[in-house]
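Here's the letter readout for the chains.
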Amino acid sequence: MSEYRDIPDTLSELDWDSEISQESSYTILPEGEYPFSVASFERGYHNGSDKLPPCNKAILTIEIDGGKLGKSTVKHNLFISRRTEGILCEFFIAIGLKKHGEPLRMNWAAVPGAKGRCKVGIRTYNGNEYNEIKRFLEPAAAPAPAVGFAPPSFK
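Residues numbered from 1 in each chain as written. Predicted model: local features only at pLDDT ≥ 70, side-chain atom pairs only at ≥ 80, totals over all residues. Heavy atoms only, no water.

A. Spotlight on the sheet that holds strand E1 (residues 32–46). Judged by pairing direction, the sheet is antiparallel, and its 5 strands sit side by side in the order E3-E2-E1-E4-E5 without closing on themselves. For this open sheet the edge positions go to strand E3 (71–80) and strand E5 (128–137), each flanked by a neighbour on one side alone. Averaged over neighbouring strand pairs, the angle between their axes works out to 40° when direction is ignored. (Pairing = 2+ DSSP bridges. Helix = DSSP H or I, 4+ residues; strand = E, 2+ residues; numbered from the N terminus. Axes fitted to C-alpha atoms, helices over the stretch in contact; angles between N-to-C directions.)

Here is the structure:
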């Protein structure tokens, strides 16, 4: 009996001469604002570049919900650096873990499953188009509670 018996068929290995039929389908959403959820998070390291010094990075897999248009999955890096602190704040505000004007100790354990809104763009690389996240957006302000108004009675 195989030790991999509990692995779903989608993760199983194929033989060199296996029959295949499931074609990939990748949805490119038009530019716009969409809700998202963080499917997963992993820790990584950026070795440095002309624009950014070496630093830790969060590699997020984000599922963008285009409604009737479909869903798009995007890999997005958040660089853990003072230079990118504003972008980190933007992300944590978008998922509701940070409030304006208040410091935040980043809680990465709370990131998987978090939801928010983002601005999506389209990037062309090597002749192929991909969705990318341009910005993380603040949550919509909660509507103000309705205040009852009773007109004065005239007797």
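Picking up after the structure, the text goes on.
B. Representation of helix H1 (residues 85–94) in the model. Those residues of H1 not exposed but buried are Leu 88, Glu 90, Phe 91, Phe 92, Ile 93 and Ala 94. Tucked inside the fold, the buried residues of H1 contact E1, strand E2 (55–65), E3, strand E4 (115–125) and E5. Just downstream of H1, Gly 96 is the residue with a positive phi angle, here 80°. (Buried < 20%, exposed > 50% of the residue type's maximum accessible area, 1.4 Å probe, protein only. Contact = heavy atoms within 4.5 Å.)

C. How the structure looks around the pattern of salt bridges. Evaluation of the coordinates by the stated rule reveals 6 salt bridges. Here Glu 42 ties to Lys 75 by a salt bridge, and the two come within 3.8 Å at their closest N and O atoms. Of this pair, Glu 42 sits in strand E1 while Lys 75 sits in strand E3; the two residues are 33 residues apart in sequence, bridging distant segments of the chain. Note that Glu 63 and Lys 71 form a salt bridge whose closest N and O atoms lie 3.4 Å from each other. Through salt bridges with shared partners, a single ionic network connects Arg 123, Glu 132 and Lys 134. (Salt bridge = Lys/Arg side-chain N within 4 Å of Asp/Glu carboxyl O.)

D. Structural view of the pairing of E5. Bridge count between E4 and E5: 9 bridges; the pairing is antiparallel. In the sheet register, Cys 118 faces E5, and the bridge partner there is Phe 136. The hairpin turn running from E4 into E5, its antiparallel successor, is 2 residues long, and Asn 126 in that turn takes a positive phi close to 55°.

E. Quick look at a nonpolar patch on the surface. A cluster of nonpolar side chains, contributed by Leu 97, Leu 104 and Met 106, occupies part of the molecular surface with about 210 Å² of accessible area. Mapped onto the elements of the fold, Met 106 is located in the loop between H1 and E4. Here Met 106 falls in the partly exposed class, since its relative accessible area comes to 31%. (Patch = residues over 30% accessible without salt bridge, like charges linked within 9 Å, V, L, I, M, F, W, Y side chains within 5 Å. Areas by Shrake-Rupley, 256 points an atom, 1.4 Å probe, with all protein chains shown as cover.)

F. Representation of the packing of aromatic side chains within the structure. For the structure shown, the criterion picks out 5 aromatic pairs. Seen in terms of ring centroids, Phe 36 and Phe 136 are 5.5 Å apart; in terms of plane orientation they differ by 65°. Their pairing is edge-to-face. One end of the pair, Phe 36, is in strand E1; the other, Phe 136, is in strand E5, and 100 residues separate them in sequence. In this pair, the class of Phe 36 matches that of Phe 136, namely buried. Three or more aromatic residues link up through ring pairs in this structure, and these residues are Phe 36, Phe 41, Phe 91, Phe 92, Trp 108 and Phe 136. (Phe/Tyr/Trp six-rings, centres within 6.5 Å; stacked < 30°, edge-to-face > 60°.)

G. Quick peek at the confidence of the model for the protein. Per-residue pLDDT for the protein has a mean of 86; in total, 81% of the residues score no lower than 70. In the predicted structure, residues 1–8 sits below a pLDDT of 50 and forms 1 contact with residues beyond four places in sequence or in another chain. (pLDDT = per-residue confidence, 0-100.)

H. Highlighting the environment of Leu 88. Residue position: Leu 88 is located in helix H1. Assessed through its relative accessible area of 7%, Leu 88 is described here as buried. Taking the C-alpha atoms as reference, Leu 88 lies 8.8 Å from Met 106; in sequence the two are 18 residues apart. Setting aside its immediate chain neighbours within four residues, Leu 88 contacts Leu 78, Phe 79, Ile 80, Ser 81, Met 106 and Trp 108.

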